[in-house]
Amino acid sequence: MNFKKTILITGGAGFIGSHVVRKLVKKYSEYHIVNLDKLTYAGNLNNLHDIVDKPNYSFIQLDICNEQGLKDLFNQFSFDGVIHLAAESHVDRSITNPKEFVLTNVVGTLNLLNECKLKWDDLDDKCFYHISTDEVYGSLGEEGYFEETNSYDPRSPYSASKASSDHLVRAYGHTYNVPVKISNCSNNYGSFQFPEKLIPLIINNIKNKKPLPIYGKGENVRDWLWVEDHANAIDLIYHKGRVGETYNIGGHNEWQNIDLVNLLCDIMDRKLGNPDGESRKLITYVKDRAGHDLRYAIDASKIENELGFKPSVKFEEGLENTVDWYLNNNNWLNDVTSGNYQHYYDNHYN
Ligand code: NAD
Ligand code: TYD
């Protein structure tokens, strides 16, 4: 088939990547969307079951650390753009195994940048778009917001690796004129999120009547955004964002962990027909995460003013939908929590 554009999406079998792939495959039948993913523990092709047969979708299993594999891929396809999401993404895992984060997040990103630099003689209309995190800015006190102009101050191996890759992306923009864009987003929630992250972990544990681990005093604050709104923002930035720019994406939706977990307990009790307060009894305060950042909160005025982005869903509504999705998708949850999951879980929390 003759497509108008061929776009490489990395990490498309993961949580956010699968939403981005689904969105672009459905919305732009004139684009060929090539999903590259190593399929680590966090990647799952079932996340894309509804679009695998679309004629404008292809999947390639590949590690972005495999330079020769990337060269072959860039020889096989003539990419107009790259939307780069592949990463090791869980802070706790970065504390126990930082090297994996440096390899995938830093070296893997460098490998992709090198291929774009080599292949893109004509830079017109090309775009390397790096999907990054607000955690690169460090940790806030009780006041203030992350702005695009804040200096970087990453404090976990995960955020240090993402900060490092952001710097490389900008350096390739400045030094080699690779047309780059970056967005730094707050915490996402929604369907297909691996149950090691707070929200799906709590839902899964309530379902299985297991303790709900709260790090420290549960006072840490995160700014939650529905994953489909993040996918909308990525679509917007890819098509309308200015080259060389950074955009913060957030939900204006700050929650202390303990308040969020209490809300989830109450939603789950209602959905499961439990007596009031039943799930809250499972809350267990555990040892704090090493170097636990206190608060993240995004100033999203740039993307709002420049590109007209606004989150479409209220948090309570998004959370209800998310709980429904996990309760209605037992097979998915059983599948991803089989195998090594229990091993990880037992080692991490006990
Ligand atoms: P995820 O862990 O769910 O998915 C990551 C995907 O990358 C998986 O499919 C995995 O198989 C793939 N992958 C990992 N290593 C790879 C490698 N070496 N080669 C090829 N593929 C590899 O992560 P996510 O939560 O969907 O996050 C996606 C991106 O968005 C990441 O870059 C992350 O830093 C960023 N981000 C995430 C959040 C969030 O709240 N989850 C917020 C802001 C930014
Ligand atoms: P997480 O979902 O891992 O995202 P991030 O660390 O990237 O923000 O964690 C969200 C918050 O929830 C963070 O403050 C750590 C906390 N948390 C717990 O209290 N218990 C848990 O079991 C997990 C996974 C996280």
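Residues numbered from 1 in each chain as written. Chains lettered and ligands numbered in written order. Predicted model: local features only at pLDDT ≥ 70, side-chain atom pairs only at ≥ 80, totals over all residues. Heavy atoms only, no water.

Asks: Whenever I open this one, the side chain of Thr133 confuses me. Can you help?
Replies: Note that Thr133 resides in strand S5 (residues 127–133). When sequence neighbours within four positions are dropped, the list of residues in contact with Thr133 reads Tyr158, Lys162, Ser183, Asn184 and Cys185. (Helix = DSSP H or I, 4+ residues; strand = E, 2+ residues; numbered from the N terminus. Contact = heavy atoms within 4.5 Å.)

Asks: Any chance you could explain helix H8 (residues 257–272) here in plain terms?
Replies: Think of an α-helix as 3.6 residues a turn; residues three or four steps apart then line up on the same face. Here H8 spans 22 Å end to end across 16 residues, near enough to the 22 Å set by a 1.5 Å rise per residue. Of the positions making up H8, those classed as buried are Asn257, Ile258, Leu260, Val261, Asn262, Leu264, Cys265, Ile267, Met268 and Asp269. Buried residues along H8 sit against helix H6 (198–207), strand S8 (212–215), strand S9 (221–226), strand S11 (254–256), strand S12 (283–286) and helix H10 (315–328). (Expected span 1.5 Å × (residues − 1). Buried < 20%, exposed > 50% of the residue type's maximum accessible area, 1.4 Å probe, protein only.)

Asks: Would you explain the pattern of salt bridges in this entry?
Replies: Pairing is possible between side chains of opposite charge, provided their charged atoms come close. Applying the stated criterion to the full structure yields 19 salt bridges. Across the pair Arg155 and Asp293 runs a salt bridge, and its minimum N-O distance is 2.6 Å. With Arg155 in the loop between S5 and helix H5 (157–176) and Asp293 in the loop between S12 and helix H9 (301–307), the pair connects residues that are 138 residues apart, well separated along the chain. With relative accessibility at 4%, the residue Asp293 sits in the buried group. With a closest N to O distance of 2.6 Å, Asp266 and Arg280 form a salt bridge. In this pair, Asp266 sits in helix H8 while Arg280 sits in the loop between H8 and S12, placing the two residues 14 residues apart along the sequence. With a relative accessible area of 33%, Asp266 lands in the partly exposed category. (Salt bridge = Lys/Arg side-chain N within 4 Å of Asp/Glu carboxyl O.)

Asks: I'm lost on the domain arrangement of the protein in this one. Help?
Replies: By a frequent convention, interface size equals the accessible area lost on bringing the separate parts together. Under the domain assignment, the protein is made up of domain 1 (5–189 + 223–249) and domain 2 (198–221 + 254–290 + 314–349). Tallying the contact residues gives 13 residues for domain 1 and 18 residues for domain 2. Interface area, domain 1 with domain 2, both sides summed: about 1,300 Å², of which 56% is carbon and sulfur. Looking at the side of domain 1 facing domain 2, the largest losses of area belong to Asp92, Tyr189 and Trp224, adding up to 47% of the total buried there. Among the salt bridges present, the one from Arg289 reaches Asp92, with a minimum N-O distance of 2.7 Å. Where domain 1 packs against domain 2, one counts six residue pairs in polar contact (both at pLDDT 80 or more). (Domains from an automatic or database assignment. Buried area = accessible area lost by both parts, 1.4 Å probe. Polar contact = N/O pair within 3.5 Å; in protein donor to acceptor, adjacent residues only side chain to side chain.)

Asks: Before we go on, may I ask you to explain the site of ligand 2 in this structure?
Replies: Within the structure, ligand 2 sits among 18 residues, and Glu135, Arg222, Arg289, His292 and Tyr349 are positioned closest to it. Within the side chain of Glu135, an N or O atom sits 2.6 Å from an oxygen atom of ligand 2. His292 is positioned with one of its side-chain polar atoms (N or O) 2.7 Å from an oxygen atom of ligand 2. About the coverage of ligand 2: the protein hides 98% of its 510 Å² of free accessible area. Where the shell around ligand 2 is concerned, the elements lending two or more residues are H6 and S8. If you tally residues by element for the shell around ligand 2, the top one is S8, at three residues. (Near = heavy atom within 4 Å. Areas by Shrake-Rupley, 256 points an atom, 1.4 Å probe, with all protein chains shown as cover.)

Asks: Would you take a moment to explain the packing of aromatic side chains for this structure?
Replies: Applying the stated rule across the entire model yields 17 aromatic pairs. A ring pair is formed by Tyr137 and Tyr152, whose centres lie 5.6 Å apart and whose planes are at 85 degrees; its orientation type is edge-to-face. Of this pair, Tyr137 sits in the loop between S5 and H5 while Tyr152 sits in the loop between S5 and H5, and the two are 15 residues apart along the sequence. Linked through ring pairs, Tyr137, Phe146, Tyr152 and Tyr296 together constitute an aromatic cluster. The ring centre of Tyr344 lies 4.0 Å from the NZ or CZ of Arg93, which sits over that ring. (Phe/Tyr/Trp six-rings, centres within 6.5 Å; stacked < 30°, edge-to-face > 60°. Lys NZ or Arg CZ within 6 Å of the ring centre and 35° of its normal.)

Asks: Before we go on, may I ask you to explain the site of ligand 1 in this structure?
Replies: Taken together, 29 residues lie around ligand 1, and Ile16, Asp37, Ser89, Tyr158 and Lys162 are the ones closest in. At 3.0 Å, a backbone N or O of Gly14 approaches an oxygen atom of ligand 1. Within the side chain of Thr104, one N or O atom sits 3.0 Å away from a nitrogen atom of ligand 1. Burial of ligand 1 by the protein amounts to 97% of the accessible area it has alone, namely 830 Å². Taken together, the elements giving at least two residues each to the shell around ligand 1 come down to helix H1 (15–27), strand S2 (31–37), S5, H5 and strand S7 (187–189).

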